[in-house]
There are 2 protein chains.
Amino acid sequence: MNTSGRLIGVGVGPGDPGLLTLKAIRALESADVIAHFAKAGNLSNARAIVEQYLRPELQELALLYPITTEHATDDPVYRNSIRKFFDEAASAVAAHLKAGRTVAVLSEGDPLFFGSYMHLHIRVMKDYPTEVIPGVTGMSGCWSAAGLPLAQGDDVLTVLPATLDEGELIRRFRQNDPSVVMKVGRHLAKVRRALHSAQRLAGAIYVERGTMDDQRLMPLVEKTDEAAPYFAIVLVPGRAWAA
Amino acid sequence: MNTSGRLIGVGVGPGDPGLLTLKAIRALESADVIAHFAKAGNLSNARAIVEQYLRPELQELALLYPITTEHATDDPVYRNSIRKFFDEAASAVAAHLKAGRTVAVLSEGDPLFFGSYMHLHIRVMKDYPTEVIPGVTGMSGCWSAAGLPLAQGDDVLTVLPATLDEGELIRRFRQNDPSVVMKVGRHLAKVRRALHSAQRLAGAIYVERGTMDDQRLMPLVEKTDEAAPYFAIVLVPGRAWAA
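Values in this document were obtained by computation on a predicted structure and should not be read as measured data. (Residues numbered from 1 in each chain as written. Chains lettered and ligands numbered in written order. Predicted model: local features only at pLDDT ≥ 70, side-chain atom pairs only at ≥ 80, totals over all residues. Heavy atoms only, no water.)

Colleague: Even after reading the chapter, I still don't get the sheet that holds strand β4 (residues 102-107) of chain B, so can you show me in this structure?
Modeller: Sheet strands associate in pairs through backbone hydrogen bonding, adopting either a parallel or an antiparallel arrangement. All names here are of chain B. Spatially, the 5 strands line up as an open sheet ordered β3-β2-β4-β1-β5, and their pairing is parallel. A single partner strand is all that each edge strand has here, and the edge strands are β3 (59-65) and β5 (130-133). Between one strand and the next, the sheet's axes are offset by a mean angle of 20 degrees, whatever the strand orientation. Two strands pair when backbone bridges link them, and strand β2 (residues 33-39) and β3 are joined in this way by 7 bridges, in the parallel orientation. Residue pairing for β3: A38 is matched across the bridge by L64. (Pairing = 2+ DSSP bridges. Helix = DSSP H or I, 4+ residues; strand = E, 2+ residues; numbered from the N terminus. Axes fitted to C-alpha atoms, helices over the stretch in contact; angles between N-to-C directions.)

Encoded structure:
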């Protein structure tokens, strides 16, 4: 194992730079290279959050997702394309590690909570030391902004990706657990229909860009259009807190 | 509404003081009063995490839980006792708010994630301005320490309090979702039995005092005694990551 090069997954929190941890800032200040994921043609949200902490001499490695919108996530073409992307991204990171550099990978929210960082982590962990700095998750940012005590006492909290099919969403919502729906984006209409079917639409809260200056937060029933960013979240209170 | 006095729920993270956010530190530096929960006779863990940021002139309000170990959480005696405690705690906080003071309530992890802060929040929010500063949760601290990518892609993550009865734990574990078991404490033997019944014991990881200097982390099958602190967590990978 090369003990000089080191991989650090850095959670940068939900969006407000004030929600960076001291440890994340120290990692950015001591890194040789920062890596960040973004769609080709887009800027990295995570990089924008930490911009004020980046030194001019820092090397940057932009990891650009392949364009995949024309394929469903269970399509083999999509799966092969994304696997190849992570293999190549891990190789690019490993080249820096091999040269003895510390590479900090910026992760919105928490690195190991539904993030891309883990795909680099599992590919390099056998050859290089790794460290994960946890961050404030997007869901914590959203329920704090809403002042909504989502989970308490003996509640079971379920965290559901909006990519699940409608029948599965309905089945999960019918369990009446307090729930967080992640990655809402283009799945908003499906999520709304599933909540309606499970009779849980009334209490649901829609949060977009939670904790950021341009945050939008409203009862989901008042969100009448279907335009939602990928990171939008829907909070669904359990029985005790439902409207 | 009195706009001078203000309540702030401050998430102080899982234990490592380096995981405090900038916003949490600023809130502590500008507060007139800090309030913290603890069992009578115990010191507040949350207070220990932030100790270096407390100014000498800061007022402190210790909120001491009634001794309740002889009652089950669904016992009416327990429920009345705990409701009375939160009513009195909220009154003590409100007296400071009425006098125009900013009261910061220290919350381990995230204030609205299975915490006591919410009981103060809902009691004073109609009369005073409130703010919630999210924090890194204990579960993020634990899976980061373990380097375990618990939830990814289309996974549904379930967060289960160990206080659930054994049959319900088994039913939930049999859904094969990646799961986090919170508040393990004296429920460790029950959690182990339920994981065994659901054939998910092999992959489970036990984490005690995650992110702290004296952290303990091991496969649950190697934890052979039943001594676990209240905040111990068990991480249960889903099918993709199971051992």
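Colleague: For this particular structure, what's the right way to read the relation of the copies chain A and chain B?
Modeller: A rotation about some axis, followed by a shift along it, carries one copy of the chain onto the other. The operation relating chain A to chain B is a screw motion whose rotation component is 180 degrees, with 0.0 Å of axial translation and a residual RMSD of 0.0 Å. Each copy turns onto its partner about a two-fold axis. A shared binding surface is used by both copies, with 100% of the interface residues of chain A retained as interface residues in chain B. (Least-squares fit on C-alpha atoms with pLDDT ≥ 70 in both. Contact = heavy atoms within 4.5 Å.)

Colleague: I tried to follow the packing of helix α3 (residues 76-98) of chain A against helix α4 (residues 117-124) of chain A on my own but got confused; where do I start?
Modeller: Helix packing for two helices is described by the angle between their axes and how far apart those axes are. Residue and element names in this part refer to chain A. Between α3 and α4, the least distance of the axes is 9 Å, while the angle of their chain directions is 60 degrees. Relative to α4, the element α3 is oriented oblique. With respect to the hand of their crossing, α3 and α4 are arranged in right-handed fashion. Counted together, R83, F86, D87, A89, A90, V93 and L97 of α3 and H119, L120, R123 and V124 of α4 form the full contact between these two elements. Partitioned by chemical class, the residues of the contact of α3 with α4 number 7 nonpolar, 1 polar and 3 charged. (Parallel < 35°, antiparallel > 145°, perpendicular 65-115°, else oblique. Left-handed = near helix turned anticlockwise from the far one by under 90°. Nonpolar A, V, L, I, M, F, W, Y, C, P; charged D, E, K, R; others polar.)

Colleague: Can you help me understand the side chain of R192 of chain B in this one?
Modeller: Residues and elements named next belong to chain B. Of note, R192 is situated in helix α7 (residues 188-197). We classify R192 as buried; its relative accessible area is 16%. With near-sequence residues (within four places) excluded, R192 lies in contact with L201, L220, K223, T224, D225 and E226. (Buried < 20%, exposed > 50% of the residue type's maximum accessible area, 1.4 Å probe, protein only.)

Colleague: When you look at the pattern of salt bridges in this model, what are you seeing that I'm missing?
Modeller: Here the idea is simple: oppositely charged side chains can pair when their charged atoms come close. Tallied over the entire structure, the rule returns 34 salt bridges over all chains. In this structure, R47 of chain A engages E51 of chain A in a salt bridge whose closest nitrogen and oxygen atoms are separated by 3.1 Å. A residue is classified by how much of its surface remains accessible, and R47 of chain A, at 22% relative accessible area, is partly exposed. Overall, E51 of chain A belongs to the partly exposed group, its relative accessible area being 46%. In this structure, D177 of chain B and R172 of chain A form a salt bridge, with 2.7 Å as the shortest nitrogen-oxygen distance. Of the two residues, D177 of chain B sits in the loop between α6 (166-173) and β7 (179-182) while R172 of chain A sits in helix α6 (residues 166-173), which places them in two different chains. For the pair D177 of chain B and R172 of chain A, one class covers both residues: buried. A network of salt bridges, in which partner residues are shared, links R6, K23 and E131 of chain A together with D16 of chain B. (Salt bridge = Lys/Arg side-chain N within 4 Å of Asp/Glu carboxyl O.)

Colleague: Teacher, can you tell me more about the side chain of H96 of chain A here?
Modeller: Residue and element names in this part refer to chain A. Of note, H96 is situated in helix α3. Looking at H96, its side chain comes within polar contact range of the side chain of R101, at 2.9 Å. Residues within four places of H96 in sequence aside, it is in contact with V33, Q59, L61, R101 and V103. (Polar contact = N/O pair within 3.5 Å; in protein donor to acceptor, adjacent residues only side chain to side chain.)

Colleague: Would you explain helix α5 (residues 138-146) of chain B in this entry?
Modeller: Note on helix geometry: an α-helix contains 3.6 residues per turn, so any two residues three or four positions apart are oriented the same way. Three or more residues of α5 of chain B are buried, namely M139, S140, G141, C142, W143 and S144 of chain B. Along its buried surface, α5 of chain B packs onto β5 (130-133) and α5 (138-146) of chain A together with β6 (157-161), β7, β8 (205-208) and β10 (233-236) of chain B. The positive-phi residue at the C-terminal boundary of α5 of chain B is G147 of chain B, with phi of around 60 degrees.

Colleague: So what exactly am I meant to see when it comes to the interface of chain A and chain B here?
Modeller: Note on interface size: it is often stated as the accessible area lost on association of the parts. Across the boundary between the two partners, chain A contributes 54 residues, which contact 54 residues of chain B. When the two sides are added together, the surface that chain A and chain B hide from each other amounts to roughly 4100 Å², 61% of it contributed by carbon and sulfur. The largest per-residue losses of area from chain A upon contact with chain B belong to L22, L112 and D154 of chain A, which jointly make up 13% of the total buried on that side. Across the pair D16 of chain A and K23 of chain B runs a salt bridge whose closest N-O atoms are separated by 3.1 Å. Mapped by element, the contributors of at least two residues to the side of chain A that touches chain B are α1 (22-30), α4, β5, α5, β6 (157-161) and α6 of chain A. (Buried area = accessible area lost by both parts, 1.4 Å probe.)

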